[in-house]
Structures are given as structure tokens and as C-alpha cells.
Amino acid sequence: MNPLEKFERWYLDETTRSAVRIPSACCLTSVGVDGYPNSRFVSLKEIVDGKFVITGPLNSKKGIELLANPKASLAFWWTETERQIRIQGDAVPIENARADAYFRGRNKESQIVSIISEQGAELDHPATFISEFERQKVTYQDIEVNRPSNWSGFYILPKRIEFMEFKENRFHVRELYTSKDDSWCKVLLQP
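Residues numbered from 1 in each chain as written. Predicted model: local features only at pLDDT ≥ 70, side-chain atom pairs only at ≥ 80, totals over all residues. Heavy atoms only, no water.

Asks: What should I look at first to understand the pattern of salt bridges in this one?
Replies: Between side chains of opposite charge, pairing is possible as soon as their charged atoms come close. Following the criterion strictly, the structure yields 16 salt bridges and no others. The shortest N-O distance in the salt bridge between Glu162 and Arg86 comes to 3.0 Å. Remark: Arg86 occurs in strand β6 (residues 83-93) and Glu162 occurs in strand β7 (residues 151-165); sequence separation between them is 76 residues. Here Glu162 falls in the buried class, since its relative accessible area comes to 5%. Taking relative accessible area as the criterion, Arg86 reaches 43% and is therefore assigned partly exposed. Measuring nitrogen to oxygen at the nearest pair gives 3.6 Å for the salt bridge that ties Asp90 to Lys159. Linking Asp90 in strand β6 with Lys159 in strand β7, this pair joins segments that are 69 residues apart in sequence. Residue Lys159 is classed as partly exposed on the basis of its relative accessible area of 36%. In the salt-bridge network here, residues are joined through shared partners; they are Asp13, Arg17, Arg83 and Glu165. (Salt bridge = Lys/Arg side-chain N within 4 Å of Asp/Glu carboxyl O. Helix = DSSP H or I, 4+ residues; strand = E, 2+ residues; numbered from the N terminus. Buried < 20%, exposed > 50% of the residue type's maximum accessible area, 1.4 Å probe, protein only.)

Dropping the structure here:
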């Protein structure tokens, strides 16, 4: 089986069973400019032509790190089905048209936060930030918010995908798919 088809099947299984508000949440790890790994949770937008899509500011820590060293991993843990998926791959910026479409799909408050925030920068005066947010809400009340140039996203082109299905007897089923010459090789791993 193609691992991308398996991912989509497992994802559908989890979303139909789960009461979790954001079943698309996954842990993105990048390599920091200081050489240390950095992990944070992001929302998987979709899979396009075998590429996993995430979005966010290019001037955030994740954006800076993925532009400097385009290697990334995604990890999913799904409680209802007791499954884990780990993906390792290369990060490639998405096209502007696709970034525009994702930005338009965000609610207006999220769009406004994106235009006033430098994600991850120190916040000296929270009240000033909130006041600016409220001011921009009034400004953009009846007009469209354009995507800021620093807001975009990345494709994660998978090189390795590992599926693990937890079993009560600890004999977890682990399958590792590795991309090689435009096809996938599968091996089983010990629990």
C-alpha cells in the first residue's frame, strides 16, 4: 500500500472517532539556527500531490529555520485509534497563490493577528498589542485582509514515513516506508 493512502485512511479513521477540536494538529520539528532541534505544534492543512502542507509566518522561528535548513519532521499522535505517524522530509516553500488561498480560509481575527504580530518576538506590552488588535478589527471590519508577504507555508516532501499502531500486549505494529527512486520501500520494525 502507498503510505500516503495509508495516512489518509488512518487520518479519516481518527477524525471520525475523535472529539478533539483539531485532529490535524501535529508536532513539527526543524533544526534551529543554533543546531538544536525545535518542536512545536502546527495544523496540517492538507496533502497535495504527496506533499504535506503547513502554513505560518516566514519570519517566525519555524520559517527562518526551515528556510535556512530545509529538513523537517512531523509527528502525529492519535489518541482514539492509538496510532502514531512520524514523517521526515524536505521543506519547500509553497506558491504565493496557494498561500493566498490558505490565508483567505482563515477567520478574520486570525488574519488580523497575522498582520500585527511578529510571531515569537518578545512582547513588552500586552495591553498595547491587544489595543492594536482591536483597532485593526475596526479598520478591517468591512474590508478584506490581504495576506502579508511574510505569511506563507511549506510543503514537507516525505522521505520516510513510519506508522505505529499500539497494541495492549506491547507488540506494537511498526512499518517504515522509505522513498527511493520515486517508489516506496516498506520494512517492518521491532516494537
